[in-house]
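This is what each chain is made of:
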Amino acid sequence: MARSFLSPGFQDVLSQGSTSPVTSYRKLQGWSSDQNKWNEKLYPFWKEGDPRWKDCWKGGRVTVKLDTDSPALVGSNVTFVVTLQFPKCQKEDNDGNIVYERNCTQDFPVSQDQQVYVYNWTEWIDNCGWENCTSNHSHNVFPDGRPFPHYPGWRRRNFVYVFHTFGQYYQRTGRSSAMFSVNTANITLGKHVMALSIYRRGHSSYVPIARASAIYVVTDKIPVSVSMFQKHDRNISDSIFIKDSPITFDVKIHDPSYYLNNSAISYKWNFGDGSGLFVASSPVVSHTYTLQGNFTPNLTVQAIIPVPCKPVTPTVPLPTSAEGILEVNIIQMMSIQMTESQAENSLVDFVVTCQGSLPTDVCTVVSDPTCQVSKSVVCDPITITDECLLTIRRAFEEPGTYCINITLGDDTSQALTSALISVNGGSSSRRTEGVFIFLGVLAVLAAIGAFVLYKRYKQYKPIERSTGQADNHEGLTAYFSNFKAIFFSSSTEKNPLLKSKPGIV
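Residues numbered from 1 in each chain as written. Predicted model: local features only at pLDDT ≥ 70, side-chain atom pairs only at ≥ 80, totals over all residues. Heavy atoms only, no water.

(A) The overall build of the protein chain, seen in detail. Along the backbone of the protein chain there are four helices and 28 strands. Residues counted as buried form 43% of the 505 residues belonging to the protein chain. As displayed, the protein chain offers around 28,100 Å² of accessible surface, 51% of which is attributable to carbon and sulfur atoms. (Helix = DSSP H or I, 4+ residues; strand = E, 2+ residues; numbered from the N terminus. Buried < 20%, exposed > 50% of the residue type's maximum accessible area, 1.4 Å probe, protein only. Areas by Shrake-Rupley, 256 points an atom, 1.4 Å probe, with all protein chains shown as cover.)

Printed below as a string of structure tokens:
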């Protein structure tokens, strides 16, 4: 009996069993949906325990160290650093090849022809010109088929790193170490897992060599630490001090991406001895306790982040690339007729036009007839080079009445149109009736639509704790609030419903 083989998706390959599928998310800049297909022929996928792992690298197993500077304040960047650790006596040379170290005692005998190179990738490239090799003509692509970027020295980057988090993936080439940052503005608060798969260059395909994962935290509270010391204190770790002698409090803010670098930061102290509140602009303050006893100082940190608004002149028209998407319209809805043996779902094509800037992504939200309860959300990048006219194909598993929201967006704006459709099932054909409800809901970034000639400042105020909430063990807390608008609901479906075909999204 013949059986069909379905290519795995990025989510299947990269989850490693440690991350649950994300059904709804806000797009990370430069990342792609993990529902895309993975080229398993060029990038084979091995499960843990597969015996092929033992032979994926000459001389032993490669281990990987994945570090992060988490926690990250929402809106700032969180950075990840990857370092490959090769077996004993192996290192990477200036050309990216893996060589044996001189004067290093190895745990196993090495043949004469292996005393220099572990992997001589330079020879592979020079012998066949890499792109001209019959076995490697399609080698310079990522697992999703996208070509490697051709920046200087790109052929000497012999490792492929694929990162996975928040229902999306990011891929890059590199040497034995790599570093990259992710902006957290579109990442929800809390703990998340960054999964990593690493492949090395091979003759006919890439070979998996290591996997790793790391937990990172996104928070709306400014991460701080406080150290206390007193002159002539013999043991600064016991938190025991002498009265009538000043104690110095030194606050360190964890902000490795310098997100708060231009912010006005204030420190509000309550030293817990009845002396009242003290507000300082410096992270270092001193306080003298005149009474004996146990005291719990409390600290609240506030940051005012400047948000500059550039003046705009209404009478001067902006270029097309900066004016935003002004209007979206559904001009036609068509039911796709299919034979009964072929049809599993009802297919509907929505022909959409827009005015203003050309969109770079499209999202479809399917809701109940009241447009209040979302049933699924699907977003895809699109490429339009001339006229804003595209066809969106949508599959419906069951007959019924649905509210359809179609949103086109670019880097500076979003525009929405909606329609109420009725999908009727039939034995030989399916019929779709559409009624337009409302069109052209426009959302343009404040940087484009604001007409102000001065800087506006957004103040982050402390979040009040509920009654009875306990202080932490150090008695020091810092609060930071940030308002985030969620454009889509958190419900989506498991399989993508927008089909990628020429002329159809």
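Moving on from the model shown.
(B) Region of interest: the state of the cysteines. Counting across every chain of the model gives four disulfides. Across a sulfur-sulfur distance of 2.0 Å, Cys363 and Cys379 are joined as a disulfide pair. Across the disulfide from Cys363 to Cys379, rotation about the S-S bond amounts to roughly 115°, and the bridge is consequently right-handed. Taken together, the residues span a long stretch of sequence, with Cys363 in strand E21 (residues 361-367) and Cys379 in strand E22 (residues 374-381) at a distance of 16 residues. (Disulfide = S-S within 2.5 Å.)

(C) Focus on the packing of aromatic side chains. According to the stated counting rule, one finds 28 aromatic pairs in the structure shown. Judged by centre distance (5.5 Å) and plane angle (90°), the ring pair of Phe80 and Tyr216 falls under edge-to-face. With Phe80 in strand E4 (residues 77-85) and Tyr216 in strand E12 (residues 207-219), this residue pair connects regions lying 136 residues apart in the sequence. Residue Phe80 shares its accessibility class with Tyr216, and that shared class is buried. (Phe/Tyr/Trp six-rings, centres within 6.5 Å; stacked < 30°, edge-to-face > 60°.)

(D) The pairing of E4, seen in detail. Two elements, strand E2 (residues 63-68) and E4, share six bridges in a ladder whose sense is antiparallel. Bridge pairing in E4 links Thr63 to Gln85. Pairing analysis gives seven bridges linking E4 to strand E10 (residues 177-183), with the strands arranged antiparallel. Each bridged residue has a counterpart across the sheet, and for Asn77 the counterpart in E10 is Asn183. (Pairing = 2+ DSSP bridges.)

(E) Up close: the pattern of salt bridges. Across all of its chains, the model carries eight salt bridges by this definition. The salt bridge partner of Lys252 is Asp250, with a shortest N-O separation of 3.6 Å. The class of Asp250 is buried, set by a relative accessible area of 15%. In this structure, Asp349 engages Arg393 in a salt bridge whose closest nitrogen and oxygen atoms are separated by 2.8 Å. Taken together, the residues Asp349 in strand E20 (residues 346-356) and Arg393 in strand E23 (residues 389-396) connect sequence positions 44 residues apart. In this structure Asp349 comes out as buried when scored by relative accessible area, which is 4%. Residue classification places Arg393 among the buried residues on the basis of a relative accessible area of 11%. (Salt bridge = Lys/Arg side-chain N within 4 Å of Asp/Glu carboxyl O.)

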